[in-house]
Amino acid sequence: MTQDELKRAVGEAAAEYIRPYLEDDSIIGVGTGSTANCFIDALAQHKHLFDGAVASSEASAQRLKDHGIPVYNLNSVSNLDFYIDGADEINEHLEMIKGGGAALTREKIVAAVAREFVCVADESKLVERMGTFPLPVEVIPMARSYVAREIVKLGGDPVWREGVITDNAGHILDVHNLDIPSAIAMEEKLNQITGVITNGLFALRPANVLLLGTQDGVRTIKAS
């Protein structure tokens, strides 16, 4: 199967994974990106079974609305049973690098509210050690250069993703060549830099379940 076919397979698998638990008042957290889009398309087939969704980006919110799925502001929602989203990299501990689509902050917020985080990814995203994919860091615009200098001290090579403004009006620094022996420690260290909104390491709140698209079908991997 092609990568696009793998993404569609895991998107459909995620919709089937949550379907038995959907109720009339269920609200589903939905992520951002090409694999999340495949999930949204598959979820639309079951829209009569649940109330609506919370989206981690304006793009995902629009795609949900286009399918006739109501979209709620997270401030009006007390809890989410599931959050479904993709990853740019994920390891065996289900820690992730996310933010290739510049929605990392809202993704982290929605993931924090959800009882279960279901990651959907194709097999190319599963890695032994994270850091090959440049780590996105969202920053307050006036702090961009300062944060970049502090990241250099940590051994990374930050590159401003010019022309990209996040849904929170932030800027993105993509950090190359960063050694990440401990994802939790690095996530905490980066978030302590003044001017950082958040970074794309999802280690303090990893996924609970990984639905991994492979040439032999979709594998279900649960956090150990």
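Provided above is the structure to which this section pertains.
Calculation rules
- Residues numbered from 1 in each chain as written.
- Predicted model: local features only at pLDDT ≥ 70, side-chain atom pairs only at ≥ 80, totals over all residues.
- Heavy atoms only, no water.
- Helix = DSSP H or I, 4+ residues; strand = E, 2+ residues; numbered from the N terminus.
- Buried < 20%, exposed > 50% of the residue type's maximum accessible area, 1.4 Å probe, protein only.
- 1 Å grid on protein atoms, 1.4 Å probe; cavity = no way out; pocket = protein on both sides within 12 Å on 5 of 7 lines; lining within 4 Å.
- Points joined across faces, edges and corners; volume = space filled by probe spheres on them.
- Nonpolar A, V, L, I, M, F, W, Y, C, P; charged D, E, K, R; others polar.

Caption draft 1: Main features of unusual backbone geometry. Unlike most non-glycine residues, Ala102 shows phi in positive territory, near 70°. Within the secondary structure, Ala102 sits in the loop between strand S5 (96-97) and helix H4 (104-113). In this structure, Asn177 takes a positive phi of about 60° despite not being glycine. Its place among the elements puts Asn177 in the loop between strand S9 (171-176) and helix H6 (183-191). For Asn177, a relative accessible area of 57% corresponds to the exposed category.

Caption draft 2: Local environment of the layout of surface pockets. Quantified by volume, the largest pocket comes out at close to 260 Å³. Every residue lining the largest pocket is counted, 14 residues in all, and those nearest its centre are Val54, Ala55, Asn73, Leu74 and Arg106. Looking at the lining of the largest pocket, the elements that each hand over two or more residues are strand S2 (52-55), helix H3 (58-66) and H4. For the lining of the largest pocket, the leading source of residues is H4, giving three residues. Here the residues of the lining of the largest pocket sort into eight nonpolar, four polar and two charged.

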